[in-house]
Amino acid sequence: MLRSQIIGFGSYLPKDVVTNDDLAKKIDTSDEWIRKRTGIAQRHIAADGELTSDIAEQAARAALENAGVATDDIDLIVLATATPDNTFPATATRVQSNLGIRRGVAFDVQAVCAGYVYALATADNMLRLGQAETALVIGAEVFSRILDWDDRGTCVLFGDGAGATILRAADAAGNNQDRGVLSTHIYSDGAYYDMLYVDGGPSTTGTSGHLRMEGKEVFRHAVHRMSEVVVTALEHNGLSIDEVDWLIPHQANKRIMDSIAKRLSLPEEKIVVTVDRQANTSAATIPLALAEAASDGRLREGNLIALSALGGGFSWGSALLRL
Ligand code: UT7
């Protein structure tokens, strides 16, 4: 039996840091309000001309180096993004080209903030079926380009960034029996389409549009679904919450994470938090947090890690990993 093992992590954050005080100079907001309601202190914003493919490539190169894998070994690229370079083709194909890869397959997955979990589920299924051997799974977003910078209810919440992981198909035998991606669960319910969407697109306005959100409703559903789907993952694997070493939730709002910890009876210290410094980078939050916790030594071999996310659609899901 084949199983996907996560063998490398990488990240990239644009150089420009915008603090809450910087935003308060342009719109009617304050550092106090943003910190109190969201836990966010700052966000990284891409430079003019810095594209999703550029930041995805940087994160990918870092992950390849971390894994000790050559670009030639990659035969699958799945890029989660809601902010592609162009309407088509898939931004993943530009990343493939920038990395000099001429084989295998590269495509985008669009599930907004749940994008990385969807991409991981897709890559994991392909690896387990033997359709590819070594996958690059990326979450990369330049949300700053789709924000309405006059809407204080949304523009303070997001940032730009990219995170990447390398997955390799390995025989789930011997020492590897309990290691790798143990399960993924993904869901959507389009009845909530209008709760979080971008008011443009090729078949509606012909423009890329701006993000619109019913914040309170999204908050409520995020807490409910992101907790529920962790329970689903644990039950599926016959594991308990006490066995989880780290929960890496999508980073939208510190208050959402606190509520999930409470619902799951999980100590807050077991949650990896990056939202304070990076804000909500949509599909990139989870791979960015994974890369941070891997590089500072928090993630150790044998650790059980739960991932959980909800985004526009609504789309949501979880993954359980054993390092
Ligand atoms: O990745 C998934 C997508 N996103 C999320 O998961 C976000 C989910 N939602 C949230 O995080 C929260 O709903 C927000 C942070 C967006 C908003 O927090 P809230 O506690 O739900 O605030 P609210 O929207 O009810 O607004 C409360 C007040 C309002 O003023 P009034 O009507 O009470 O006078 C807003 O106009 O806060 C005001 N407000 C602001 N004030 C200062 C809204 N945004 C701001 C702001 N600065 N940036």
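About the criteria used
- Residues numbered from 1 in each chain as written.
- Predicted model: local features only at pLDDT ≥ 70, side-chain atom pairs only at ≥ 80, totals over all residues.
- Heavy atoms only, no water.
- Core = buried A, V, L, I, M, F, W, Y, C linked by side-chain atoms within 4.5 Å.
- Buried < 20%, exposed > 50% of the residue type's maximum accessible area, 1.4 Å probe, protein only.
- Helix = DSSP H or I, 4+ residues; strand = E, 2+ residues; numbered from the N terminus.
- Domains from an automatic or database assignment.
- Contact = heavy atoms within 4.5 Å.
- Near = heavy atom within 4 Å.
- Polar contact = N/O pair within 3.5 Å; in protein donor to acceptor, adjacent residues only side chain to side chain.
- Areas by Shrake-Rupley, 256 points an atom, 1.4 Å probe, with all protein chains shown as cover.
- Nonpolar A, V, L, I, M, F, W, Y, C, P; charged D, E, K, R; others polar.
- Pairing = 2+ DSSP bridges.
- Axes fitted to C-alpha atoms, helices over the stretch in contact; angles between N-to-C directions.
- Buried area = accessible area lost by both parts, 1.4 Å probe.
- Salt bridge = Lys/Arg side-chain N within 4 Å of Asp/Glu carboxyl O.

### Overview of the nonpolar core
Moving on, step 1. If you look at the biggest cluster of nonpolar residues, it comprises 45 residues, and the most contacted ones within it are L247 and L320.
Moving on, step 2. Secondary-structure elements contributing two or more residues to this core are helix 7 (215-237), helix 8 (254-264), strand 12 (304-311) and strand 13 (315-322).
Moving on, step 3. With eight residues, the single largest contributor to this core is helix 7.
Moving on, step 4. Lining this core are residues from two domains, each supplying at least three of them: domain 1 (2-175) and domain 2 (177-322).
Moving on, step 5. For L320, the residues in contact, after removing those within four places along its chain, are G180, V181, L182, S183, A233, L234, N237, L239, L304, I305 and A306.
Moving on, step 6. Counting residues in each nonpolar core, the second largest holds 37 residues, with V78, M126, V137 and V272 among its members.

### Details of the site of the ligand
Moving on, step 1. Near the ligand you find 23 residues, and of these T29, R37, K216, H250 and N253 are the closest.
Moving on, step 2. Between the ligand and G215 there is a distance of 3.0 Å, counted from a nitrogen atom to a backbone nitrogen or oxygen.
Moving on, step 3. Between the ligand and K216 there is a distance of 2.8 Å, counted from an oxygen atom to a side-chain nitrogen or oxygen.
Moving on, step 4. In isolation the ligand exposes 950 Å². Once the protein is present, 74% of that is buried.
Moving on, step 5. Of all the elements, helix 7 adds the most residues to the shell around the ligand, at four residues.
Moving on, step 6. Looking at the shell around the ligand residue by residue, the class counts come to eleven nonpolar, seven polar and five charged.
Moving on, step 7. Formed jointly, the shell around the ligand draws a minimum of three residues from each of two domains, domain 1 (2-175) and domain 2 (177-322).

### Some words on the sheet that holds strand 6 (residues 134-142)
Working definition: the strands of a sheet are paired by backbone hydrogen bonds and lie parallel or antiparallel to each other.
Moving on, step 1. As summarised here, the arrangement of the five strands in space is 1-7-6-4-5, forming an open sheet in which the pairing is mixed. Both outer strands of the open sheet, strand 1 (2-12) and strand 5 (105-109), are each paired with one neighbouring strand and no more. Between one strand and the next, the sheet's axes are offset by a mean angle of 20 degrees, whatever the strand orientation.
Moving on, step 2. Pairing analysis gives ten bridges linking strand 1 to strand 7 (residues 160-171), with the strands arranged antiparallel. Across the sheet, I6 pairs through a bridge with L167, a residue of strand 7.
Moving on, step 3. Across the sheet, helix 4 (residues 91-98) touches strand 4 (76-80), strand 5 and strand 6, and the angle it forms with strand 5 is around 140 degrees.
Moving on, step 4. Strands in contact with helix 10 (residues 285-295) are strand 1, strand 6 and strand 7; relative to strand 1, the strand with the most contacts, it is inclined by about 85 degrees.

### Some remarks on the domain arrangement of the chain
Moving on, step 1. Partitioning the chain into structural domains gives domain 1 (2-175) and domain 2 (177-322).
Moving on, step 2. The distance between the C-alpha centroids of domain 1 and domain 2 comes to 14 Å.
Moving on, step 3. When domain 1 packs against domain 2, close to 4000 Å² is buried across both sides, 65% of that on carbon and sulfur atoms.
Moving on, step 4. Along the contact surface separating domain 1 from domain 2 lie one salt bridge.

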